[in-house]
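Structural description and commentary
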Amino acid sequence: MPRVPRPAVVAAAVLALGTLAAAPAAGDGPAVTAPRVAAHFDLARGQSPENIALAPDGSAVLTLSNARQVVDVNCHGRTRLLATLPAVANPHTPVVGAAVVLGIARAQDGTLFVNYATGTAATGIWRIPAHGGKPRQIAQLPPAGFPNGLALDERRGVLYAADSVLGTVWRVPRAGGEPTAWATGAALEPRNPRPAAKVGANGLRLHRGAVWVSNTNAGTLLRVPVRENGSAGAIETRATRLYAIDDFGFTERHRDTVLAAMTGGSEVELVRPDGTHHVVLTAADGLSNPTSVAVRGRTVYVTSAAYFTQRDPNLLLARVQQRDRG
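Everything quoted here is computed from the prediction, not taken from an experiment.

1. A few points about the pairing of strand β11 (residues 158–163)
- With 6 of 6 residues buried, β11 lies mostly within the body of the structure.
- The side-chain alternation of β11 yields two buried faces, one formed by V158, Y160 and A162 and the other by L159, A161 and D163.
- Counting the residues that bridge the hairpin from strand β10 (residues 147–153) to β11 gives 4 residues, and of these G157 lies at a positive phi of roughly 70°.
- In this structure, β11 lies alongside strand β12 (residues 168–173), joined through 6 bridges in antiparallel fashion. When the bridges of β12 are listed, D163 appears paired with T168.

Following this line, the structure appears as structure tokens:
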């Protein structure tokens, strides 16, 4: 198939976001060790792994953006197709042009939810039954937008979706229905004047009573508290100078330490609660434009979509070990 530009961070390599924050002293923060590529994918078949949801058995459920597929990769690296999003006639998706499947969230019962960006009425959140099956659209999002990161709050029964073009965090009932613009503002908006490079709110995670969002153009990691009534609190900037940040994951449930995919430089950075950050994984470890990170216990999962390098899209696993409690 023809090459499709990187759906979540087009032209990130040309964004001038400045130098990185000072790296913490050696020994600070978790150590990330023993990286290995667990599964390889095929660019010629559109298999660019974009986002991750983890299953209780340790397998990783991935979206393959350009192939419009959702697959399960088990602990031995074997891949099983779960679903394919329906083809769209004449897609005109912002940023990329082609129809792409992006963020993914998994419910405890195994139900999957994905963001599908098409530039048509098919744009929105789609539900896939547990163990695979026919996807069904449960919420329509603006065709002019680019729904990217996705998270599920099972306690409140809602989904949150980051829109990279419209600079919005959408909130949608888990059962589906009308979306609400839950959080908006300059901190979430794209900041690049070039239309093809406008990628604001990108990765999204629910963590410790807040929705966390990365802004690719701005190079920031943001925290949006969820108030008791479910509304959005004031947007907080928790880290800056994160060059071409994509999606991210937290190293522990009760701490705010983040591992972030830096797609433009083919790196993963560790971001501490005080906002300082440093590189812990690089292209030498097997990264090829990483797009998302997830952590389960001491295992780190990183997808590499190879949108810029055009080499070796893969799923990389590593170990994370706490070295301090600061």
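2. A word on empty space enclosed by the protein
- Within the structure shown, the criterion is met by 2 cavities of 30 Å³ or more.
- For the largest cavity, the full set of lining residues is A38, G58, A60, V73, N74, C75, G77, Y301, L315 and L317.
- Residues of the lining of the largest cavity, tallied by class, amount to 7 nonpolar, 3 polar and no charged.
- Of the volumes computed, that of the second largest cavity is approximately 40 Å³.
- Contributing to the lining of the second largest cavity are W212, L221, R238, D256, V258, V271, R272 and P273.
- Among the residues making up the lining of the second largest cavity, the classes are represented as 5 nonpolar, no polar and 3 charged.

3. Considering the side chain of Q47
- Mapped onto the elements of the fold, Q47 is located in the loop between β1 (31–40) and β2 (49–54).
- Among the residues examined, Q47 registers a relative accessible area of 11% and is labelled buried.
- Contacts of Q47, omitting those with residues within four sequence positions, involve F41, D42, L64, A67, Q69 and P313.

Parameters at a glance
- Residues numbered from 1 in each chain as written.
- Predicted model: local features only at pLDDT ≥ 70, side-chain atom pairs only at ≥ 80, totals over all residues.
- Heavy atoms only, no water.
- Buried < 20%, exposed > 50% of the residue type's maximum accessible area, 1.4 Å probe, protein only.
- Helix = DSSP H or I, 4+ residues; strand = E, 2+ residues; numbered from the N terminus.
- Pairing = 2+ DSSP bridges.
- 1 Å grid on protein atoms, 1.4 Å probe; cavity = no way out; pocket = protein on both sides within 12 Å on 5 of 7 lines; lining within 4 Å.
- Points joined across faces, edges and corners; volume = space filled by probe spheres on them.
- Nonpolar A, V, L, I, M, F, W, Y, C, P; charged D, E, K, R; others polar.
- Contact = heavy atoms within 4.5 Å.

Distances and angles like these do not, on their own, reveal function.
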